[in-house]
Amino acid sequence: GESFARALILLLPLTFAAQWYPPLADRYYPLSMEPVHRKVTAYADFIRTQTSPRDVFDAGDEPSTFIPALTGRRVLQAPTALVPHDQQTRSQVEETLMKSGDPAAIRAAAARYTVTYLVLDEGILNRHGLGADVAEVARERLSTGAFRVAYTSTLVHILAVGPP
């Protein structure tokens, strides 16, 4: 009994190498080997250099993954995180930012979680049933008077929540 337990303890470290082989043990390993697209690094560079570390971004699933990882900025909702206790409220804030035509309501919703930027991409448009024309939705959001253009590319439009 006791000698068997000692043998197991002595052999235990040898099992670690066999247990942890990333290509087999980590289902995300292959994805982590793909380079990040240059358009993603371009908007991440903009965020990192042109915004405050205290800024909060509301974005679709893909940007909400890259923004914290590449810039250290916070996001309103992250698809890979645990569901926060106030998820329903966060979703309502996003709904207001995406669909309301009332600039005061937009600013009040943004202030609830100190959201300073809205990142428009196809993912966030699809989540709200707004089609896939990011530029068109950006123009519509700008027409409310609650936003200003901060950054534009063929991948994302980043709108700053502006003061009245």
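Rules used in this analysis
- Residues numbered from 1 in each chain as written.
- Predicted model: local features only at pLDDT ≥ 70, side-chain atom pairs only at ≥ 80, totals over all residues.
- Heavy atoms only, no water.
- Salt bridge = Lys/Arg side-chain N within 4 Å of Asp/Glu carboxyl O.
- Helix = DSSP H or I, 4+ residues; strand = E, 2+ residues; numbered from the N terminus.
- Buried < 20%, exposed > 50% of the residue type's maximum accessible area, 1.4 Å probe, protein only.
- Pairing = 2+ DSSP bridges.
- 1 Å grid on protein atoms, 1.4 Å probe; cavity = no way out; pocket = protein on both sides within 12 Å on 5 of 7 lines; lining within 4 Å.
- Points joined across faces, edges and corners; volume = space filled by probe spheres on them.
- Nonpolar A, V, L, I, M, F, W, Y, C, P; charged D, E, K, R; others polar.
- Expected span 1.5 Å × (residues − 1).
- Arc of directions from axis to C-beta.

### Things to note about the pattern of salt bridges
Under the counting rule described, the total for this entry stands at seven salt bridges. Between R6 and E2 there is a salt bridge, with the nearest N and O atoms lying 2.8 Å from each other. With a gap of four residues between them, R6 and E2 both fall in helix 1 (residues 2–19), about one helical turn apart. Both residues of the pair, R6 and E2, belong to the exposed class. Linking D86 and R90 is a salt bridge whose minimum nitrogen-to-oxygen distance equals 2.9 Å. With a relative accessible area of 18%, R90 lands in the buried category. Taken together, the shared-partner salt bridges connect D61, E94 and R127 into one network.

### A closer look at the pairing of strand 5 (residues 157–161)
Each regular strand shows side chains that alternate between the opposite faces of the sheet. Of all the five residues making up strand 5, five are buried; the element is thus mostly covered by neighbouring parts of the structure. Here strand 5 shows no split at all, with H157, L159 and V161 on one side and I158 and A160 on the other all buried. Alignment of strand 3 (residues 115–120) against strand 5, held across four bridges, turns out to be antiparallel. Paired with V119 across the strands is I158, a residue of strand 5. Sheet topology places strand 4 (residues 147–152) next to strand 5; five bridges connect them, and they run antiparallel. In the sheet register, F147 faces strand 5, and the bridge partner there is V161. As consecutive antiparallel partners, strand 4 and strand 5 are separated by four residues.

### Digging into the layout of surface pockets
Roughly 150 Å³ of volume is contained in the largest pocket. Counting residues per element, the ones that place at least two in the lining of the largest pocket are helix 5 (61–71) and helix 8 (122–127). Here the residues of the lining of the largest pocket sort into five nonpolar, three polar and three charged.

### Some thoughts on helix 4 (residues 38–50)
The end-to-end C-alpha distance of helix 4 is 18 Å, a good match for the 18 Å that 13 residues give at a rise of 1.5 Å each. When helix 4 is considered as a whole, its buried residues turn out to be V40, Y43, A44, F46 and I47. Down the axis of helix 4, the buried side of the element spans an arc of 155°, and every buried residue falls inside it. Projecting away from the buried face of helix 4 at angles above 90 degrees are the exposed residues R38, T49 and Q50.

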